[in-house]
Structure formats: structure tokens, C-alpha cells
Amino acid sequence: MLARHDKLVHSEDVKVVSHVQREEGEWIINTVMIEGVDVPFRYKRKKKYKDLSGARVNLTYYPDQISVAGIQMEVMSVVRIKIA
């Protein structure tokens, strides 16, 4: 997958500092903050997931931007997340 998509980044065994889940329509938006990184990592699920705070995870993601209250904000869009 990484060979076919040049923007994808894979990180292994990173520590989750905080994990927040909120409903947006029929989706649950998960926001994860990683130790030593100031940018939030976001992904969607259909159901709530267990809290990942303090866990070590492997992430595959790409840089993205979202607009919050008219302000552009950098985020990392997660393609795959797995507990390490």
C-alpha cells in the first residue's frame, strides 16, 4: 500500500496521549493525539471503540487539512490503526 501511494506514512509503536470519540451523523469521529506530535490524527468508525489512551499503536496515515470555523487546520487522516 505504501509503495502505491506516495503520500502515505507508516509509524510503528507510537504512544497515544489522548483519544476522543464524538458522533457526527451516523459516524463516530475518533481523534487521537500521539506523543511528541502536535497534529491530531483522525479516523471514522460506525461504532464506538475502546479508549486507546496510553496504548501503543501502529498507524498508516496521510496529511490533510480541514476547515474549523473558517480556519484551515492540519490533521492526519488515518487509513489504518492497529494496537502494537
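Residues numbered from 1 in each chain as written. Predicted model: local features only at pLDDT ≥ 70, side-chain atom pairs only at ≥ 80, totals over all residues. Heavy atoms only, no water.

Any chance you could break down the sheet that holds strand E5 (residues 71-83) for me, citing the residues and the numbers?
Strand order in the closed barrel formed by five strands is E1-E2-E3-E5-E4, and the pairing between neighbours is mixed. On average, each strand axis in the sheet is tilted by 40 degrees relative to the strand beside it, whichever way the strands run. By the bridge criterion, 12 bridges tie strand E4 (residues 56-68) to E5 in an arrangement that is antiparallel. What sits directly across from Gln65, in E5, is Glu74. (Pairing = 2+ DSSP bridges. Helix = DSSP H or I, 4+ residues; strand = E, 2+ residues; numbered from the N terminus. Axes fitted to C-alpha atoms, helices over the stretch in contact; angles between N-to-C directions.)

So what's going on with the pairing of strand E2 (residues 27-34)? Which residues, and what values?
Of the pairings in the sheet, the one linking strand E1 (residues 9-24) to E2 comprises eight bridges and is antiparallel in character. Looking at the pairing, Val20 lines up with Thr31 of E2. Between the antiparallel neighbours E1 and E2 lie two residues, among them Gly25 with a positive phi of about 70 degrees. Two elements, E2 and strand E3 (residues 41-45), share five bridges in a ladder whose sense is antiparallel. Among the inter-strand pairings, Asn30 is bridged to a residue of E3, identified as Tyr43. Joining the antiparallel neighbours E2 and E3 is a turn of six residues, in which Gly36 adopts a positive phi near 85 degrees.

An account of the pairing of E5 is needed here, citing residue identities and associated values.
The pairing of E3 with E5 spans two bridges and is parallel. Each bridged residue has a counterpart across the sheet, and for Arg42 the counterpart in E5 is Ser77.

Kindly report on the pattern of salt bridges, identifying the contributing residues and their values.
One side chain can pair with another of opposite charge once the charged atoms of both are near each other. In this structure the tally under the stated criterion is two salt bridges. In this structure, Arg22 engages Glu24 in a salt bridge whose closest nitrogen and oxygen atoms are separated by 3.2 Å. When its relative accessible area of 43% is taken as the criterion, Glu24 is described as partly exposed. As a salt-bridge pair, Lys46 and Glu26 come within 2.8 Å of each other at their nearest N and O atoms. In this pair, Lys46 sits in the loop between E3 and E4 while Glu26 sits in the loop between E1 and E2, placing the two residues 20 residues apart along the sequence. (Salt bridge = Lys/Arg side-chain N within 4 Å of Asp/Glu carboxyl O. Buried < 20%, exposed > 50% of the residue type's maximum accessible area, 1.4 Å probe, protein only.)

Explain the nonpolar core to me, using residue names and the numbers behind them.
Core analysis: the largest hydrophobic core is formed by 13 residues, its most contacted members being Val16, Val32, Ile34, Phe41, Leu59, Tyr61 and Val78. Secondary structure elements with two or more residues in this core: E1, E2, E3, E4 and E5. Beyond its immediate chain neighbours, meaning those up to four positions away, Ile34 contacts Val14, Lys15, Val16, Val17, Phe41 and Leu59. (Core = buried A, V, L, I, M, F, W, Y, C linked by side-chain atoms within 4.5 Å. Contact = heavy atoms within 4.5 Å.)

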